[in-house]
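Residue-level structural notes
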Amino acid sequence: MTAFSQEIFDKICVELSAGKSLRSICKQAKMPSAVSVHSWVGKDEALLKQYAQARETQADTLFDEMLDIADESTNDYMSRDGAQVVNPETINRSRLRIETRKWMAGKLKGRVYGEKLDHTSSDGTMTPQAPAPIDATLVQALVDKLTS
């Protein structure tokens with residue numbers, strides 16, 4: 001396990017915020033393993049908060065990327081026998097990229113990007129529900145799930 005460095009941890013959080021995966025960050029030269037990062041986060045509440053904030057910002061970045069992907073039309077069409085036809089491979093790949101980001105943004109920042117649930121009972125009345133509190137255990141479980 002790599003010894004903790006605030007400078008390296010800050011860099012990891014900046015790269016997470018920019019949309020990179022922890023896995024790709026940790027593959028870079030002179031970066032700790034994901035196991036080391038999880039260990040650091042698990043032992044220090046301040047680091048956990050910094051990491052959680054980076055993941056929330058990552059959700060915002062992923063949300064912005066979805067619009068860029070949707071607006072990008074390069075290679076949506078291809079020439080076949082002198083005619084322009086739809087390139088389903090490119091369109092399906094874009095759809096997959098958007099859906100993946102949508103899912104991740106919803107998991108990372110559910111109150112903003114998650115699916116809105118209808119809390120109407122069968123008789124048509126609204127059933128109030130308080131949002132579940134987020135605690136460090138849930139955040140760590142999410143981090144472990146996303147980086148495994």
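Our structure is the block above this text.
This section reports on the structure supplied with the text. (Residues numbered from 1 in each chain as written. Predicted model: local features only at pLDDT ≥ 70, side-chain atom pairs only at ≥ 80, totals over all residues. Heavy atoms only, no water.)

With that out of the way, let us pick up helix α1 (residues 6-17). Taking 1.5 Å of rise per residue, twelve residues should cover 16 Å, and α1 covers 16 Å from first to last C-alpha, within 8% of that figure. Where the residues of α1 are buried, they touch α2 (22-26), α3 (34-43) and α4 (45-71). Just beyond α1, the residue with positive phi is G19, at close to 105°. (Helix = DSSP H or I, 4+ residues; strand = E, 2+ residues; numbered from the N terminus. Expected span 1.5 Å × (residues − 1). Contact = heavy atoms within 4.5 Å.)

With 27 residues, α4 extends 40 Å between its outermost C-alpha atoms, agreeing within 8% with the 39 Å of an ideal straight helix rising 1.5 Å per residue. The set of residues buried in α4 consists of L47, L48, Y51, A54, R55, E56, Q58, A59, T61, L62, M66 and I69. Residue D44 occupies the N-cap position of α4, its side-chain oxygen lying 2.8 Å from the main-chain nitrogen of A46. (Buried < 20%, exposed > 50% of the residue type's maximum accessible area, 1.4 Å probe, protein only. Polar contact = N/O pair within 3.5 Å; in protein donor to acceptor, adjacent residues only side chain to side chain.)

With four bridges connecting them, strand β1 (residues 77-80) and strand β2 (residues 83-86) associate as antiparallel partners. Bridged to M78 within β2 is V85. Connecting β1 to the next strand, β2, in antiparallel fashion are two residues, including D81 with a positive phi near 55°. (Pairing = 2+ DSSP bridges.)

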